[in-house]
Protein chains: 2
Amino acid sequence: MNQEYVHGYDRRANTRLQDQHDALVDLLHSDTRYPEGSRVLEAGCGVGAQTLTLARNSPHAQFLSIDVAAASVAAARQKVEAAGHRNVRFQQADLFALPFARDSFDHVFVCFVLEHLARPLEALARLKEVLKPGGTITVIEGDHGSTYFHPDSAAAYDAIRCQVELQRAGGGNANIGRELYPLLSKAAFQEVRVSPRMVYVDSSRPHLVEMFTRRTFTAMIEGVREAALRAGLIGAARFDEGIRALHRTAEADGVFCYTFFKATGEKPE
Amino acid sequence: MNQEYVHGYDRRANTRLQDQHDALVDLLHSDTRYPEGSRVLEAGCGVGAQTLTLARNSPHAQFLSIDVAAASVAAARQKVEAAGHRNVRFQQADLFALPFARDSFDHVFVCFVLEHLARPLEALARLKEVLKPGGTITVIEGDHGSTYFHPDSAAAYDAIRCQVELQRAGGGNANIGRELYPLLSKAAFQEVRVSPRMVYVDSSRPHLVEMFTRRTFTAMIEGVREAALRAGLIGAARFDEGIRALHRTAEADGVFCYTFFKATGEKPE
């Protein structure tokens, strides 16, 4: 391989890195724009990572962003206010006990939330209640089962499986992305459309190698090491071999693939 | 699920089915257009499935389509002539012993060929020799390891693994799609760019369910049943369970995902 990458070396490199970061945000969010004056519920805003993009992309929509964790809501509020956005209100609230009247919102947005829920279908039913007839729901989820890479490594899949098993033990589903079509259909949304958003990473995309392969995906799997060992899901040597294999995919001849799924549906009139 | 699909029921349905077929061809080929008068080598044309699309999309380019199997070349010639294309010549020839002078072609196109070769890197080197400096190579390959679906099924992965193992035993690599970046880079092409082309299928896309999930992918896996049993790769009951599970993904609440990879590179001046 004849490529050497030095991050942030000059202005042109910095511009390219920013472009690649923007490309990942665009990949998931660029086609979500809400019209002026529309009322949008963001359910499960966490610390506001997606809220920032929502607020920026639809500056004339009115967002209400909720999360069950008060600390997350506080962090999200601080982040969004620091960025100067004035079109978001925040509230601590439980998805399964929404403190809103029926048909309150023009649109609902849910990102990286259903994967953590034991009853995603019930969550969709609750959100549908507060959505106006004719309003849309947008759901974005990842799918860890969509992960593959070069060089291939059985140990890496074993390490990833630990994360999937731990999330399942907690009632969640780390592979929920592929299920968005049946879930929204079963929740009786209509005009359900799913589009996969694949993240493809090779060394011609150095920022994605660093920010996605290493610092997002591999770091996430590394983060379950103690829990996985404690739960007896894997031995330490095998887990560490898997992590090394994931880092190996970030080298010059490596390739890493992961797919997010984005679904939209409409509440029947 | 409240959807019932009847194929070919009326003109509007037929139009939609044709649109979906075109969508799959477009997904792989729409961004390959060769300028008027350019000389293009299609290496490994098989029975001409891709040749038809090449000839139609670049009517003013001159194609030379080769295959090592004389019977395939004859079938491809018949198919392309029947479609009325006049811009393709055919020749029986071996990729590893090309009967062409160095720097003979403006562009090279290779689709679903490298996966069958024990020495894909050597094949790329041979193709590079007959390509003019500054000319491009385009490579398209699938990757069976990119397959996942809902409902999930370990038996289905076992059945797919039989195809992968049989292809490997024959010297090939059914998971080569993800390796196009390192392969073209190692063959010293420059400006290597890979773009994945994911086929996402749910029951809102009935033609893809039928033509891709059932008749392309599942039929291909079903086709290795005897060879897989003979090779002792799997038991009959487990294989058949896997095939049933693949058909299950084609039902109304099923989802099927597969990714092709398309790479382009340039021969240095």
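Fair warning: this is a prediction, and the values are worked out from it, not measured in the lab.

Visitor: Quick question: what am I supposed to make of the overall build of chain A here?
Guide: Each helix and strand counted, chain A has nine helices and eight strands in total. In terms of overall dimensions, chain A is globule-like: its C-alpha atoms have a radius of gyration of 20 Å, near the 18 Å expected for 269 residues. In terms of principal-axis extent, the alpha carbons of chain A reach across some 55 × 50 × 35 Å. Taking all 269 residues of chain A together, 51% fall into the buried category. In chain A, of all internal contacts separated by at least 6 residues, the share reaching a separation of at least 24 is 79%. Looking at chain A as shown, the accessible area adds up to about 11800 Å², and 49% of this sits on carbon and sulfur atoms. Once the 31 positive and 33 negative side-chain charges of chain A are each reduced to a mean point, those two points are 2 Å apart.

Visitor: Would you mind going over the environment of Glu269(A) with me for this structure?
Guide: Counting through the fold element by element, Glu269(A) comes out in the segment after strand E8 (255–266). What Glu269(A) contacts, discounting residues up to four positions off in sequence, is Pro133(A), Gly134(A) and Gln190(A).

Visitor: I tried to follow the pattern of salt bridges on my own but got confused; where do I start?
Guide: Side-chain pairs of opposite charge can arise where the charged atoms are in close proximity. Residues and elements named next belong to chain A. Considering all chains together, one arrives at 42 salt bridges over all chains under this definition. Among the salt bridges present, the one from Asp31 reaches Lys262, with a minimum N-O distance of 2.7 Å. With Asp31 in the loop between helix H1 (11–29) and strand E1 (39–43) and Lys262 in strand E8, this pair connects stretches of sequence that are 231 residues apart. Relative accessible area serves as the criterion here: at 47%, Asp31 is assigned to the partly exposed category.

Visitor: Any chance you could explain the relation of the copies chain A and chain B here in plain terms?
Guide: Relating one copy of the chain to the other requires a rotation about an axis plus a shift along that axis. Of the transformation superimposing chain A on chain B, the axial component is 0.0 Å and the angular component is 180 degrees, with the fit at an RMSD of 0.0 Å. Classification of the inter-copy transformation places it as that of a two-fold axis.

Visitor: Mind showing me how you'd approach the nonpolar core here?
Guide: Grouped burial of nonpolar side chains is what soluble globular proteins tend to show. Of all hydrophobic cores here, the largest spans 41 residues; its most connected members are Phe212(B), Ile221(B), Phe239(B), Leu246(B) and Phe256(B). Each residue touching Ile221(B), except ones within four places of it in the same chain, is listed here: Ala159(B), Ile160(B), Gln163(B), Phe239(B), Ile243(B) and Leu246(B).

Visitor: How should I be thinking about the confidence of the model for chain A in this particular structure?
Guide: In regions of low pLDDT, the predicted coordinates are not meant to be interpreted in detail. Residues and elements named next belong to chain A. Within chain A, residue pLDDT values average 93, and 92% of them lie at 70 or more. Contacts of residues 1–10 to residues separated by more than four positions or lying in other chains number 19 contacts, the stretch itself having pLDDT below 50. This complex was scored by the predictor with a pTM of 0.92 and an ipTM of 0.91.

Visitor: Could you clarify how one ought to interpret the interface of chain A and chain B in this entry?
Guide: Size of an interface, as often reported, equals the accessible area lost when the parts are brought together. Opposite the 34 residues of chain A that make contact, chain B presents 34 residues. Here chain A packs against chain B, burying approximately 2400 Å² in sum over the two surfaces, 61% of which is carbon and sulfur. Broken down residue by residue, the surface that chain A buries against chain B is led by Tyr148(A), Arg178(A) and Tyr181(A), which jointly contribute 29%. For the salt bridge of Lys186(A) with Asp253(B), the shortest nitrogen-to-oxygen distance reads 3.9 Å. Of all the elements in the fold, those that place two or more residues in the side of chain A that touches chain B are strand E6 (148–150), helix H6 (180–186), strand E7 (190–202) and E8 of chain A. Here the element with the most residues in the side of chain A that touches chain B is E7(A); it accounts for seven residues. Considering only residue class, the side of chain A that touches chain B consists of 16 nonpolar, nine polar and nine charged.

Visitor: Explain the side chain of Thr53(A) here, please?
Guide: All names here are of chain A. Inspection of the secondary structure puts Thr53 in helix H2 (residues 49–57). Judged by its relative accessible area of 8%, Thr53 is buried. Thr53 has contacts with Val25 and His29, leaving out every residue within four places of it along the chain.

Criteria and cut-off values
Residues numbered from 1 in each chain as written. Chains lettered and ligands numbered in written order. Predicted model: local features only at pLDDT ≥ 70, side-chain atom pairs only at ≥ 80, totals over all residues. Heavy atoms only, no water. Helix = DSSP H or I, 4+ residues; strand = E, 2+ residues; numbered from the N terminus. Rg over C-alpha atoms; globule rule 2.2 N^0.38 Å. Buried < 20%, exposed > 50% of the residue type's maximum accessible area, 1.4 Å probe, protein only. Contact = heavy atoms within 4.5 Å. Areas by Shrake-Rupley, 256 points an atom, 1.4 Å probe, with all protein chains shown as cover. Lys, Arg positive; Asp, Glu negative; His and termini not counted. Charge placed at Lys NZ, Arg CZ, Asp CG, Glu CD. Salt bridge = Lys/Arg side-chain N within 4 Å of Asp/Glu carboxyl O. Least-squares fit on C-alpha atoms with pLDDT ≥ 70 in both. Core = buried A, V, L, I, M, F, W, Y, C linked by side-chain atoms within 4.5 Å. pLDDT = per-residue confidence, 0-100. Buried area = accessible area lost by both parts, 1.4 Å probe. Nonpolar A, V, L, I, M, F, W, Y, C, P; charged D, E, K, R; others polar.

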